[in-house]
Amino acid sequence: MKTLVIFSHPHLATSRVHRTLIDTIDDLPDVHIHHLEAMYPQGDIDVEAEQSACEHASRLVFQFPFYSYSTPPMLKRWLDDVLSYGWAYGSKGQRLRNKPLQLVISSGAPASAYAATGYNRFTMAELLRPLEATAHLTGMVLQPPLILHGVPNIPGLDVTDLQMEKVMTFAASYRKTLQSGHSCIRGI
Ligand SMILES: Cc1cc2nc3c(=O)[nH]c(=O)nc-3n(C[C@H](O)[C@H](O)[C@H](O)COP(=O)(O)O)c2cc1C
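The notes below deal with the structure included here. (Residues numbered from 1 in each chain as written. Predicted model: local features only at pLDDT ≥ 70, side-chain atom pairs only at ≥ 80, totals over all residues. Heavy atoms only, no water.)

## Some remarks on the overall build of the protein chain
Definition in use: Only DSSP runs of H or I reaching four residues or more are called helices, and only runs of E reaching two or more are called strands; each is numbered from the N terminus. Throughout, the radius of gyration refers to the C-alpha atoms, and the reference size of a globule is 2.2 Å times the residue count to the power 0.38. In what follows, a contact means two residues having at least one pair of non-hydrogen atoms within 4.5 Å. Only the protein chains shown count as covering a residue, and every accessible area follows the Shrake-Rupley method with a 1.4 Å probe. Residues scored as charged are limited to Lys and Arg (positive) and Asp and Glu (negative), so that His and the chain ends carry no count. Where a charge sits is defined by one atom per residue type, namely NZ (Lys), CZ (Arg), CG (Asp) or CD (Glu).
Across its full length, the protein chain carries seven helices and six strands. In sequence order, the secondary structure elements of the protein chain are arranged as β-α-β-α-α-β-α-β-α-α-β-β-α. In terms of overall size, the protein chain behaves like a compact globule, its C-alpha atoms giving a radius of gyration of 16 Å where 188 residues would be expected to give roughly 16 Å. Viewed in the frame of its principal axes, the protein chain has a C-alpha envelope of about 50 × 40 × 35 Å. Sequence separation of 24 or more characterises 75% of the internal contacts of the protein chain that already satisfy a separation of 6 or more. Put simply, the protein chain shows about 9,600 Å² of open surface, and 54% of that area lies on carbon and sulfur atoms. Taken as two groups, the 16 positive and 17 negative side-chain charges of the protein chain have centres that lie 8 Å from each other.

Shown next as structure tokens:
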């Protein structure tokens with residue numbers, strides 16, 4: 001299965017989670033990674049090239065750190081620019097139809113914060129509704145998301161051994177998911 005990973009991280013140099021994830025999957029055959037901030041440092045996306053890459057892929061992955069309850073800005077821009085009317089949706093826009101869409105997300109807050117009684121008040125499923133709606137609009141088949149909670153990236157604060165173990169376990173499961181063609185973990 002050809003997989004296109006649309007990866008957005010504005011600060012990969014200081015990343016701990018996503019650097020580990022990328023290092024864990026980047027040797028897989030048939031997995032192509034587009035790190036948007038590295039490919040488009042000026043912010044202008046090559047829409048034709050991205051659409052062509054999507055058409056050649058049989059599965060899409062959106063990989064990103066959760067930023068302000070949403071995607072980082074470059075992934076939002078990718079969605080705005082690449083998923084155009086007449087290509088991704090509309091009566092003649094069916095190019096993504098039936099392709100599985102896998103979300104791979106990390107959050108600084110613990111899982112317990114994403115609940116009606118938690119300090120973020122809403123569940124991840126609720127906050128991810130815009131992406132669910134996008135999958136629905138374009139006919140992509142949303143897979144159960146892979147979410148790693150509770151590993152913040154705060155300058156001057158080291159990641160604990162326990163957190164790093166969680167990252168490694170999550171990375172191994174992510175790799176397995178890409179190899180097997182379906183989701184094997186959810187919401188660690
Ligand atoms: C600008 C910004 C916004 C963030 N917003 C959220 C948020 O809404 N919810 C959350 O749980 N974590 C939030 N975080 C924490 C990041 O999700 C966390 O640092 C990241 O997943 C760690 O991955 P990394 O090591 O690859 O950077 C935010 C971080 C930054 C820098």
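## A word on the pairing of strand E3 (residues 59-65)
Here is the rule we go by: Burial here depends on accessible area, computed with a 1.4 Å probe over protein chains only, as a share of the maximum for the residue type. Under 20% is buried, over 50% is exposed, and the range in between is partly exposed. The pairing criterion for strands is at least two bridges between them, as found by DSSP. A crossover counts as right-handed when, viewed with the strands pointing away from the observer, the path leading from the first strand over the helix to the second turns clockwise.
Of all seven residues making up E3, seven are buried, and the element is well covered by its neighbours. Taking every second residue as pointing to the same face, both faces of E3 are buried, with Arg 59, Val 61, Gln 63 and Pro 65 on one and Leu 60, Phe 62 and Phe 64 on the other. As judged from the six bridges shared by E3 and strand E4 (residues 100-106), these two strands associate in the parallel manner. Considered in E4, the bridge of Val 61 is made with Gln 102. As a crossover connection, the stretch from E3 through helix H4 (residues 73-82) into E4 is right-handed.

## Brief notes about the pattern of salt bridges
Short version of the rule: The salt bridge criterion pairs a side-chain nitrogen of Lys or Arg with a carboxyl oxygen of Asp or Glu, the two atoms within 4 Å.
Within this structure, the stated rule accounts for six salt bridges. The partner of Arg 77 in a salt bridge is Asp 44, with the nearest N and O atoms 2.9 Å apart. Here Arg 77, found in helix H4, pairs with Asp 44, found in the loop between helix H2 (36-39) and helix H3 (47-56); they are 33 residues apart in sequence, far enough to count as distant. Take Asp 44: its relative accessible area is 53%, and that puts it in the exposed class. For the salt bridge of Asp 81 with Arg 77, the shortest nitrogen-to-oxygen distance reads 3.4 Å.

## Examining the packing of helix H1 (residues 17-25) against helix H7 (residues 161-180)
Let me state the cut-off plainly: Note on method: axes are straight lines fitted to C-alpha atoms, helices fitted across the in-contact stretch only, with angles between N-to-C directions ranging 0 to 180 degrees. Crossings are classed by handedness, with left-handed meaning an anticlockwise turn of the near helix from the far one by less than a right angle and right-handed meaning a clockwise turn. Basically, the charged four are Asp, Glu, Lys and Arg, the nonpolar ten are Ala, Val, Leu, Ile, Met, Phe, Trp, Tyr, Cys and Pro, and anything else, Gly included, counts as polar.
Close contact between H1 and H7 brings their axes to 9 Å; oriented N to C, the two are set at 35°. The hand of the H1/H7 crossing is right-handed. Taking contact as the criterion, the partners of Val 17, Thr 20, Leu 21, Thr 24 and Ile 25 in H1 are, on H7, Met 164, Val 167, Met 168, Phe 170, Ala 171, Ala 172, Tyr 174, Arg 175 and Leu 178. Among the residues making up the contact of H1 with H7, the classes are represented as 11 nonpolar, two polar and one charged.

## Describing the side chain of Lys 99
Turning to its location among the elements, Lys 99 is positioned in the loop between H4 and E4. Despite being buried, Lys 99 has no salt bridge partner; Glu 55 is the closest side chain of opposite charge, sitting 7.6 Å away. The contacts of Lys 99, once residues within four sequence positions are left out, are Cys 54, Glu 55, Ala 57, Ser 58, Leu 60, Gly 139, Met 140 and Val 141.

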